[in-house]
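Observations on chain architecture
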Amino acid sequence: MESRVDRTPNGSEPVLVVRGDLDLASAPALRAAIIGAVEPGRDLTIDLSAVDLVDSTGIGCLIGALRRVRQAGGDVALRDPRPRVLDLLELCGLDSVFTIVSTREVGDRP
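Residues numbered from 1 in each chain as written. Predicted model: local features only at pLDDT ≥ 70, side-chain atom pairs only at ≥ 80, totals over all residues. Heavy atoms only, no water.

1. Notes on the pattern of salt bridges
This model, assessed by the stated rule, comprises four salt bridges. When the shortest N-O distance is used, the salt bridge between aspartate 52 and arginine 82 registers 2.3 Å. Highlighted residues: aspartate 52 in strand S3 (residues 44–54) and arginine 82 in the loop between strand S4 (76–79) and helix H3 (83–91), separated in sequence by 30 residues. Relative accessible area serves as the criterion here: at 26%, aspartate 52 is assigned to the partly exposed category. Note that aspartate 75 and arginine 70 form a salt bridge whose closest N and O atoms lie 3.2 Å from each other. Judged by its relative accessible area of 24%, aspartate 75 falls in the partly exposed class. (Salt bridge = Lys/Arg side-chain N within 4 Å of Asp/Glu carboxyl O. Helix = DSSP H or I, 4+ residues; strand = E, 2+ residues; numbered from the N terminus. Buried < 20%, exposed > 50% of the residue type's maximum accessible area, 1.4 Å probe, protein only.)

Written out as structure tokens, the structure reads:
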């Protein structure tokens, strides 16, 4: 599956929208987008609503994003992870490390 990372403006904070798999092949593109999006004192949102799979490289990339953004005085929110991705985040204990936000209505399907 092809993966893409797009940056969209969201008021005062950047939003990185990831599509496809977040794995060994796509992590470098996300890493580069994160580096380009980090600004002192600003938060970053990573939209995972179109992500089907996250492997260990993808998890490492998300943790690296958190480290970079926090060092710059901001925080990272993961938006709308699909149930399978959310299960992985919970299994790894990352649901207590990241802010996870949902913009879906109850009953909406990813």
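Past the structure itself, the notes keep going.
2. Re the nonpolar core
Across soluble globular proteins, you tend to see nonpolar side chains buried next to one another. One finds Leu30, Ile34, Ile46, Leu62 and Leu78 to be the most contacted residues of the largest nonpolar core, which totals 24 residues. No other element matches helix H2 (residues 56–71), which puts six residues into this core. (Core = buried A, V, L, I, M, F, W, Y, C linked by side-chain atoms within 4.5 Å.)

3. Side note on unusual backbone geometry
Negative phi characterises most residues that are not glycine, and trans characterises most peptide bonds. Non-glycine residue aspartate 80 carries a positive phi angle of around 50 degrees. The class for aspartate 80 is buried, based on a relative accessible area of 6%.

4. Re the pairing of strand S2 (residues 13–22)
When you tally the buried positions in S2, you get eight out of ten residues, the bulk of the element. Both S2 and S3 contribute to a ladder of seven bridges, which runs parallel. Pairing of leucine 22 across the sheet is with valine 54, part of S3. Remark: the S2/helix H1 (residues 27–37)/S3 crossover connection has right-handed handedness. (Pairing = 2+ DSSP bridges. Right-handed = clockwise from strand over helix to strand, strands pointing away.)

5. Focus on H1
Residue pairs three or four apart in sequence face the same way in an α-helix, which turns once every 3.6 residues. The set of residues buried in H1 consists of Ala27, Leu30, Ile34 and Ala37. The buried residues of H1 all sit within an arc of 90 degrees when viewed along its axis, so they share a single face. (Arc of directions from axis to C-beta.)

6. Observations concerning the side chain of serine 26
Within the secondary structure, serine 26 sits in the loop between S2 and H1. The class of serine 26 is buried, set by a relative accessible area of 8%. Within the structure, the side chain of serine 26 is placed 2.6 Å from the backbone oxygen of aspartate 21, a separation counted as a polar contact. Within the local environment of serine 26, its side chain forms a polar contact with the backbone nitrogen of aspartate 23, the two atoms lying 3.0 Å apart. (Polar contact = N/O pair within 3.5 Å; in protein donor to acceptor, adjacent residues only side chain to side chain.)

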